[in-house]
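Structural overview
Chain by chain, the residues:
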Amino acid sequence: TSIGVVLVHGGPLALGKIATEADAILDAWYPGLEGGGAVADVLFGKYNPAGRAAVTSYLRTSDLPAMGDTNLYPNNGSKGITYRYFTGDVQYPFGHGLSYTDFEYSELTSQAGQQACAGFNISVKVANVGGRNGDEVVQVYVKYKNASSPVPNIRLVDFKRVFLARGCAVNLSFNISPRTYATIPVSHGDAAEDDIYEDRRYIEKGL
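What counts and how
Position numbers for residues start from 1 in each chain and track the written sequence from start to end. Local features in a predicted model are, by the rule used here, given only for residues with pLDDT of at least 70; side-chain atom pairs are given and counted only at 80 or more, and totals for whole chains, interfaces and linings are based on all residues. Where side-chain values are given, they derive from all heavy atoms of the structure, hydrogens and water being excluded. Think of a salt bridge as a Lys or Arg side-chain nitrogen and an Asp or Glu carboxyl oxygen that are within 4 Å of each other. Exposure categories follow from relative accessible area, calculated using a 1.4 Å probe and restricted to protein chains: below 20% of the type maximum is buried, above 50% is exposed, and the middle band is partly exposed. Strands here mean DSSP runs of E at least two residues long; helices mean DSSP runs of H or I at least four residues long; both are numbered from the N terminus. Two strands qualify as a pair provided DSSP detects at least 2 bridges between them. Think of each axis as a best-fit line through the C-alpha atoms, taken over the contacting stretch in the case of a helix, with angles from 0 to 180 degrees between the N-to-C directions. Geometry of aromatic contacts follows a simple scheme: Phe, Tyr and Trp rings, the Trp one being its six-membered ring, pair when their centres are within 6.5 Å, and the pair is stacked under 30 degrees between planes, edge-to-face over 60, tilted otherwise. Each patch is assembled from residues with relative accessible area greater than 30% and no salt bridge, linking like charges that lie within 9 Å and nonpolar side chains (Val, Leu, Ile, Met, Phe, Trp, Tyr) that lie within 5 Å. Residue burial considers only the protein chains on display, and all accessible areas are found by Shrake-Rupley using a 1.4 Å probe. We define the nonpolar core as a collection of buried residues of types Ala, Val, Leu, Ile, Met, Phe, Trp, Tyr and Cys that are connected through side-chain atoms lying within 4.5 Å of one another. Throughout, a contact is declared for two residues whenever any of their heavy atoms are within 4.5 Å. Whenever a nitrogen or oxygen atom comes within 3.5 Å of another N or O atom, the pair is scored as a polar contact, on the condition that within protein one atom can donate a hydrogen and the other can accept it, and that pairs from neighbouring residues in sequence are kept only if both atoms are in side chains.

Section: the pattern of salt bridges
On inspection of all chains with the given rule, the structure shows four salt bridges. Between Asp-63 and Arg-60 there is a salt bridge, with its nearest N and O atoms 3.0 Å apart. Exposure remark for Arg-60: the relative accessible area of 40% places this residue in the partly exposed category. One salt bridge in this structure joins Lys-79 and Asp-63, with 3.4 Å as the shortest N-O distance. Of this pair, Lys-79 sits in the loop between β3 (57–58) and α3 (82–85) while Asp-63 sits in the loop between β3 and α3, and the two are 16 residues apart along the sequence. By relative accessible area, Lys-79 is classed as partly exposed at 35%. Taken together, the salt bridges that share partners define one network made up of Arg-60, Asp-63 and Lys-79.

Next comes the structure, spelled out in structure tokens:
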């Protein structure tokens, strides 16, 4: 007998054995008045899901952030908060999601601008190699390797949701603005306050 779990909630969860013992998990969040019909459409295959997790699913309750804790970075035994700062292992990461079909990525290329603040371009080919039509959500994350001030582990900077009939493919391109991966230096002088309130940011090497 197969076991499917429907989650109805409004925040991050520690799924524990649900993730390992259930055959399928459908995250409905707060689905509203029409939620029952929407859940049924997905469970019985009438609709092919393409949603992505808006929060991190943790392995254990001890990894869940304390109520009222707004310190994002790891501190005093905390492993940090949200996908951008959490340093432990997770059950399902932010942005995770499955479909009733399969997608394949290829021909990934990136091209930096000629100037430091010109941003960069990314292109990728996405193909529906499964047996059903469906939507795919292509996500672009950036990671800082050598930042001189505290920064997120990774950051979602762009995404596109695209419909692909089975057997079809599409080439997608992203123009990543330097604003999305710039940093604001941390100091206690007036200069740092000027950077924040005057919207000044810095581009560093090593992205």
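Re the sheet that holds strand β5 (residues 103–112)
Spatially, the three strands line up as an open sheet ordered β5-β6-β9, and their pairing is antiparallel. A strand with exactly one partner marks an edge of an open sheet, and here the two such strands are β5 and β9 (169–176). For this sheet, the mean angle separating the axes of adjacent strands, direction not counted, is 15°. Two elements, strand β6 (residues 120–128) and β9, share eight bridges in a ladder whose sense is antiparallel.

Brief notes about the environment of Ala-53
Along the chain, Ala-53 turns up in the loop between α2 (35–43) and β3. Along the sequence, Ala-53 and Tyr-92 sit 39 residues apart, while their C-alpha atoms lie 8.2 Å from each other.

Points about the packing of aromatic side chains
Tallied over the entire structure, the rule returns three aromatic pairs. Note on Tyr-58 and Phe-86: the rings are 5.0 Å apart at their centroids and 85° apart in plane angle, and the pair reads as edge-to-face. Highlighted residues: Tyr-58 in strand β3 and Phe-86 in the loop between α3 and β4 (90–92), separated in sequence by 28 residues. On the basis of relative accessibility, which here comes to 2%, the residue Tyr-58 falls in the buried class. For Phe-86, a relative accessible area of 8% gives the class buried. With a centroid separation of 4.1 Å and 10° between ring planes, the pair formed by Tyr-83 and Phe-94 is classed as stacked. With Tyr-83 in helix α3 and Phe-94 in the loop between β4 and β5, the pair connects residues that are eleven residues apart, well separated along the chain.

Looking at a nonpolar patch on the surface
Where nonpolar side chains cluster on the molecular surface, the patch consists of Val-6, Val-8, Tyr-30, Leu-43 and Phe-44 and spans about 600 Å² of accessible area. For Leu-43, the position within the fold is in helix α2.

Comments concerning the nonpolar core
Counting residues in hydrophobic clusters, the biggest one holds 17 residues, and the most contacted among them are Val-126, Leu-172, Phe-174 and Ile-176. Elements represented by at least two residues in this core include exactly β6, β7 (134–143), β8 (154–164) and β9. Here this core takes four residues from β6, the largest share from any one element. Leu-172 has contacts with Ile-122, Ser-123, Val-124, Val-126, Val-138 and Val-162, leaving out every residue within four places of it along the chain.

Remarks on the side chain of Asn-128
With respect to the helices and strands, Asn-128 occurs in strand β6. Residue classification places Asn-128 among the buried positions, given a relative accessible area of 2%. Side-chain polar atoms of Asn-128 contact the backbone oxygen of Arg-132, separated by 2.8 Å. In terms of polar contacts, Asn-128 uses its side chain to reach the backbone carbonyl oxygen of Leu-164, at 2.9 Å. Leave out the neighbours within four places in its chain, and Asn-128 touches Thr-101, Asp-102, Phe-103, Asn-133, Gly-134, Leu-164, Ala-165, Arg-166, Gly-167 and Cys-168.

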